[in-house]
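Analysis of the macromolecular model
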Amino acid sequence: MYKLDLPVDPKQTAAIERRRNAELQRQSRIFNVKNRTLGVDRPFLDNQVLDKKTSEDRERLWHEAYDSENLRYVKTAQLLEAQEQERIRELNKEVNEYRFRHQQPESQREFDLWDPDMLKKDVPARVSDDDPRCGLSGLQKFAGEDLNEKARKKFQQQESRKWLTAQRMEKDRAKRDQKFADDLDHKKEMELDARALKLAEMEEEARRAVDTATLNYNMALAAEQAAVRDVERRQETDENYAEIGNHVYGDILTENPEVAVSAFGPHRVVTDRWKGMSPEQLEAIDRERRRQLEENK
């Protein structure tokens, strides 16, 4: 018998379901009148065009990056080549300098054998009386000879002339130095005298300026004190006049009846301020008394 209760593979089921959903989506796109144009899957074509454009852009960017990298490599190679050429040029220069300094023909060991100026450089058999090459067997030097007499006398005359010239120059220089020192001392004394006069003048000007400033300050202080005294005197006079006017025109001397009116009503008076009835009040009282008399009659 066949075994019918086999377990279901979830991966296969998911694949079948995914294909079924994809087919349903494709059918919905194909049979949708709004999205379908002449039986063509327009969104799919648009996606293909977009993918192709994206691939072309990616390829173009890759080529541009490759070109930039290639250009950078070319510039680097050119720079390295220029550095190599410069290094070779410096090396050749150093080699030539070394040859010029240390590999001249004169420094060779056999140069004295083929030197073209050998005879010009050769010294005579006897140069002077003290020539060590002049031995007894050479017969180049005899007793009593003085081969350098003329040169020696000439040298002695030149030395004497040099000493005399040096002594004269030393005396002249000493005179110039003494004269220069005297001039400096004279100029220094004149400068010190001028500075002393200048300092004296400045001190005198400063003293006069201090005296003038002190005088001006004292005058200003005196004027200020006089003005203060005038102000105080004027203020005191005004206060005295004001006090006299207050006493003359005050309520006490003028006996103003309004100051005696009490704050509790016009029918009450302040006793310590009341100066008696006014003429109007007295006249009112008289009228009232006459009226009462007439009424009683």
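Reading the values: the criteria
- Residues numbered from 1 in each chain as written.
- Predicted model: local features only at pLDDT ≥ 70, side-chain atom pairs only at ≥ 80, totals over all residues.
- Heavy atoms only, no water.
- UniProt positions renumbered as here; feature names shortened; annotations may be inferred.
- Helix = DSSP H or I, 4+ residues; strand = E, 2+ residues; numbered from the N terminus.
- Buried < 20%, exposed > 50% of the residue type's maximum accessible area, 1.4 Å probe, protein only.
- Contact = heavy atoms within 4.5 Å.
- Areas by Shrake-Rupley, 256 points an atom, 1.4 Å probe, with all protein chains shown as cover.
- Phe/Tyr/Trp six-rings, centres within 6.5 Å; stacked < 30°, edge-to-face > 60°.
- pLDDT = per-residue confidence, 0-100.
- Salt bridge = Lys/Arg side-chain N within 4 Å of Asp/Glu carboxyl O.
- Patch = residues over 30% accessible without salt bridge, like charges linked within 9 Å, V, L, I, M, F, W, Y side chains within 5 Å.
- Polar contact = N/O pair within 3.5 Å; in protein donor to acceptor, adjacent residues only side chain to side chain.
- Lys, Arg positive; Asp, Glu negative; His and termini not counted.
- Charge placed at Lys NZ, Arg CZ, Asp CG, Glu CD.

Naming follows an unreviewed UniProt entry, where the protein appears as RIB43A-like with coiled-coils protein 1 of Scyliorhinus torazame. As recorded by UniProt, the Subcellular location (unreviewed entry) comment attached to the protein reads in full: "Cytoplasm, Cytoskeleton, Flagellum axoneme". The heading Sequence similarities (unreviewed entry) in the UniProt record of the protein holds the text "Belongs to the RIB43A family."

What follows covers the overall build of the protein. Each helix and strand in the protein was counted, giving 7 helices and 4 strands. Of all 297 residues assigned to the protein, the portion counted as buried reaches 5%. Taking as baseline every contact in the protein between residues at least 6 positions apart, the subset at least 24 positions apart corresponds to 0%. Accessible area for the protein stands at about 28,100 Å²; split by element, carbon and sulfur atoms hold 56% of it.

For the rest of this paragraph, the subject is the packing of aromatic side chains. Counted by the stated rule, this structure contains 1 aromatic pair. A ring pair is formed by Trp-62 and Tyr-66, whose centres lie 5.7 Å apart and whose planes are at 15°; its orientation type is stacked. Of this pair, Trp-62 and Tyr-66 both sit in helix 2 (residues 42-102), 4 residues apart, roughly one helical turn.

Attention now goes to the confidence of the model for the protein. Per-chain confidence: the protein averages 81 in pLDDT, with 79% of residues scoring 70 or above. Per-element mean pLDDT across the protein ranges from 53 in strand 1 (residues 36-37) up to 88 in helix 2.

So, about the pattern of salt bridges. Scanning all chains against the criterion turns up 16 salt bridges. As a salt-bridge pair, Arg-207 and Glu-204 come within 2.1 Å of each other at their nearest N and O atoms. Of the two residues, Arg-207 and Glu-204 are both situated in helix 5 (residues 149-249); the distance of 3 residues between them amounts to about one turn of the helix. Note on Glu-204: relative accessible area 30%, which makes it partly exposed. Its salt-bridge partner being Arg-208, residue Glu-204 comes within 3.6 Å of it at the nearest N-O pair. Pair noted here: Glu-204 and Arg-208 are both in helix 5, with a separation of 4 residues, about one helical turn. On the accessibility criterion, Arg-208 (43% relative accessible area) is partly exposed. Through salt bridges that share partners, Glu-204, Arg-207, Arg-208 and Asp-211 make up one connected network.

Moving on, we get to a nonpolar patch on the surface. Together, Met-277, Leu-282 and Ile-285 make up an exposed nonpolar region whose accessible area comes to about 240 Å². Along the chain, the position of Met-277 falls in the loop between strand 4 (265-269) and helix 7 (279-296). Judged by relative accessible area, which is 41%, Met-277 ranks as partly exposed.

The next point concerns the side chain of Asp-115. Note on placement: Asp-115 falls in the loop between helix 3 (111-114) and helix 4 (118-121). Judged by its relative accessible area of 11%, Asp-115 falls in the buried class. Within polar-contact distance, the side chain of Asp-115 engages the backbone nitrogen of Asp-117 at 3.2 Å.

Together, Asp-182, Asp-183, Asp-185, Glu-189 and Asp-193 make up a region of like negative charge exposed at the surface. If you trace the backbone, Asp-183 turns up in helix 5. On the basis of relative accessibility, which here comes to 38%, the residue Asp-183 falls in the partly exposed class.

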